[in-house]
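# Fold and geometry: a report
Here is how the chains run, residue by residue.
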Amino acid sequence: MNLINIYRISDRSNIEKIKPEYASKEQCLKTFVREFGKDNLIILCDNVTDETFDMVHNYADKDKIYRTQNGNTGSFIVSWDLAYRLVKEHGEDTIFYLIEDDYIHRRGSKKILLEAFQYLDASYVSLYDHPDKYQDFKDERFTWDHGKIDIDEDGVRKPKHIYNKPSECKLYITKSVHWRTVSSTTMTWATTGKHIVEDYDEMVKLHTGKHLPMGGDTFRLLEKKGKQLISCLPAYAAHGEEKWLPYFVNWEEEAYAE
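Residues numbered from 1 in each chain as written. Predicted model: local features only at pLDDT ≥ 70, side-chain atom pairs only at ≥ 80, totals over all residues. Heavy atoms only, no water.

### Some details on the overall build of the chain
Looking only at helices and strands, the chain features seven helices and 13 strands. Rg of the C-alpha trace for the chain: 18 Å, near the compact-globule value of 18 Å for 258 residues, within the 12% margin. Structurally, the chain occupies a C-alpha span of about 50 × 45 × 40 Å along its principal axes. A total of 258 residues make up the chain; the buried ones form 55% of that total. Residue pairs in contact within the chain that sit at least 24 positions apart in sequence constitute 77% of those at least 6 positions apart. (Helix = DSSP H or I, 4+ residues; strand = E, 2+ residues; numbered from the N terminus. Rg over C-alpha atoms; globule rule 2.2 N^0.38 Å. Buried < 20%, exposed > 50% of the residue type's maximum accessible area, 1.4 Å probe, protein only. Contact = heavy atoms within 4.5 Å.)

Written out as structure tokens, the structure is:
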């Protein structure tokens with residue numbers, strides 16, 4: 001299966017988010033290339049310093065690195081538009097993975113991503129099992145700050161509180177993992193050229209003029225079109241933020257694995 005990866009990196013970040021040391025911009029990029037390789041990797045360097053721009057060249061081919069100044073949402077629109085144009089060259093069955101710069105990828109994550117399309121003919125796929133699907137924001141134990149909520153046991157992230165909150169979903173299985181439908185995720189996910197062509201105009205319209213990419217609104221829009229977003233259990237990628245690290249994985253170990 002043909003896979004094209006479009007990676008967005010920036011030196012601008014939300015300073016309120018608390019990130020573990022092992023989820024630096026370079027470490028996240030390094031783990032991604034470790035798993036997916038640099039063939040078919042395109043990197044959009046948006047509002048980066050010369051130091052970051054030089055660093056990126058250690059992980060990707062020079063002719064596939066682009067320096068831009070579009071901002072967060074603008075960079076997403078550029079990556080979406082680039083994928084749309086590449087569909088004409090590579091075909092609608094090509095998988096496009098659009099990646100943010102603060103994700104840790106587990107060993108074997110490429111294989112898992114491809115399974116979703118190979119066996120389930122998925123519409124949209126995330127490797128991130130977001131902890132918010134299992135939490136109750138109305139529970140007095142939940143806090144809205146950016147600090148760490150959950151616990152680590154021998155380095156493995158586990159829930160501190162069991163909210164006993166049902167999360168409705170459809171459950172699937174492939175050769176290696178379970179998959180569940182989810183209502184939303186962050187803006188790191190994969191889809192095929194077919195869906196990019198079908199959803200192109202609406203996605204551009206939704207995001208144009210917005211300060212931040214519209215994660216929740218994106219998948220509400222797609223759900224109305226009968227398209228499912230699925231994520232794997234347990235996660236094979238983690239948004240590198242202490243509050244939202246997925247459960248049952250030692251993410252520091254995965255970040256530094258060779």
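### Focus: the environment of glutamate 253
With respect to the helices, strands and loops of the structure, glutamate 253 is situated in helix 7 (residues 251–256). A residue is classified by how much of its surface remains accessible, and glutamate 253, at 46% relative accessible area, is partly exposed. In sequence terms glutamate 253 and tyrosine 22 are 231 residues apart; their C-alpha atoms lie 9.1 Å from each other.

### Quick notes on helix 4 (residues 109–120)
Given 3.6 residues to a turn, an α-helix orients residues that are three or four positions apart in the same direction. When the terminal C-alpha atoms of helix 4 are compared, their 16 Å separation across 12 residues agrees well with the 16 Å that a helix rising 1.5 Å per residue should span. The set of residues buried in helix 4 consists of Ser109, Ile112, Leu113, Leu114, Glu115, Ala116 and Phe117. Aspartate 121 sits one or two residues past helix 4 and shows a positive phi near 50°. (Expected span 1.5 Å × (residues − 1).)

### Quick word on unusual backbone geometry
Cis rather than trans, the peptide bond between leucine 233 and proline 234 has omega equal to -10°. Here proline 234 lies in the loop between strand 12 (229–233) and strand 13 (237–239). Within the chain, asparagine 47 stands out as a residue other than glycine whose phi angle is a positive 55°. Structurally, asparagine 47 can be placed in the loop between strand 2 (41–46) and helix 2 (50–56).

### Topic: the sheet that holds strand 4 (residues 95–99)
In sheet architecture, strand pairing relies on hydrogen bonds along the backbone and comes in two forms, parallel and antiparallel. The nine strands lie next to each other as 3-2-1-4-11-6-12-10-9, forming an open sheet whose pairing is mixed. One side of each edge strand has no neighbouring strand; the edge strands of this open sheet are strand 3 (65–68) and strand 9 (171–173). Strand-to-strand twist of the sheet, defined as the mean angle between neighbouring strand axes without regard to direction, takes the value 25°. Packing against the sheet, helix 1 (residues 25–36) makes contact with strand 1 (3–10), strand 2 and strand 4, and its axis sits at approximately 175° to strand 1. Running at roughly 160° to strand 1, helix 3 (residues 71–90) makes contact with strand 1, strand 2, strand 4, strand 6 (124–126) and strand 11 (189–192) of the sheet. (Pairing = 2+ DSSP bridges. Axes fitted to C-alpha atoms, helices over the stretch in contact; angles between N-to-C directions.)

### A look at the pattern of salt bridges
A side chain with one charge can pair with a side chain of the opposite charge if their charged atoms come near. The full count for this structure, using the stated rule, is 20 salt bridges. Residues lysine 148 and aspartate 152 are paired through a salt bridge, measuring 2.7 Å at the closest nitrogen-oxygen approach. In this structure aspartate 152 comes out as partly exposed when scored by relative accessible area, which is 37%. One salt bridge in this structure joins lysine 225 and aspartate 199, with 2.6 Å as the shortest N-O distance. Of the two residues, lysine 225 is situated in the loop between helix 6 (215–224) and strand 12 and aspartate 199 in helix 5 (residues 193–207); the sequence distance between them amounts to 26 residues. Salt bridges sharing common partners tie together Lys194, Glu198, Asp199, Glu202, Lys225 and Lys227. (Salt bridge = Lys/Arg side-chain N within 4 Å of Asp/Glu carboxyl O.)

### Details of the packing of helix 3 against helix 5
Two quantities define a packed helix pair, namely the angle between the axes and the distance from one axis to the other. The contact between helix 3 and helix 5 brings their axes to 10 Å, and the two run at 150°. Classified by the angle their axes make, helix 3 and helix 5 are roughly antiparallel. Viewed along their axes, helix 3 and helix 5 form a crossing whose handedness is left-handed. Listed contacts from helix 5 to Thr73, Phe76, Ile77, Trp80, Asp81, Ala83, Tyr84 and Val87 of helix 3 are Gly193, Ile196, Val197, Asp199, Tyr200, Met203, Val204 and His207. Residue composition of the contact of helix 3 with helix 5, by class: 11 nonpolar, three polar and two charged. (Parallel < 35°, antiparallel > 145°, perpendicular 65-115°, else oblique. Left-handed = near helix turned anticlockwise from the far one by under 90°. Nonpolar A, V, L, I, M, F, W, Y, C, P; charged D, E, K, R; others polar.)

### Some words on the packing of helix 5 against helix 6
Where helix 5 meets helix 6, the axes come as close as 11 Å, and the angle between the chain directions of the two elements is 150°. Crossing hand, helix 5 versus helix 6: right-handed. Between helix 5, through Asp199, Glu202, Met203, Leu206 and His207, and helix 6, the contact on the second element is made entirely by Asp217, Thr218, Leu221 and Leu222. Looking at the contact of helix 5 with helix 6, its residues break down into four nonpolar, two polar and three charged.

### Focus: the pairing of strand 2
Counting buried positions along strand 2 gives six out of six residues, so the element sits mostly inside the fold. For the crossover from strand 2 across helix 2 to strand 3, the handedness is right-handed. (Right-handed = clockwise from strand over helix to strand, strands pointing away.)

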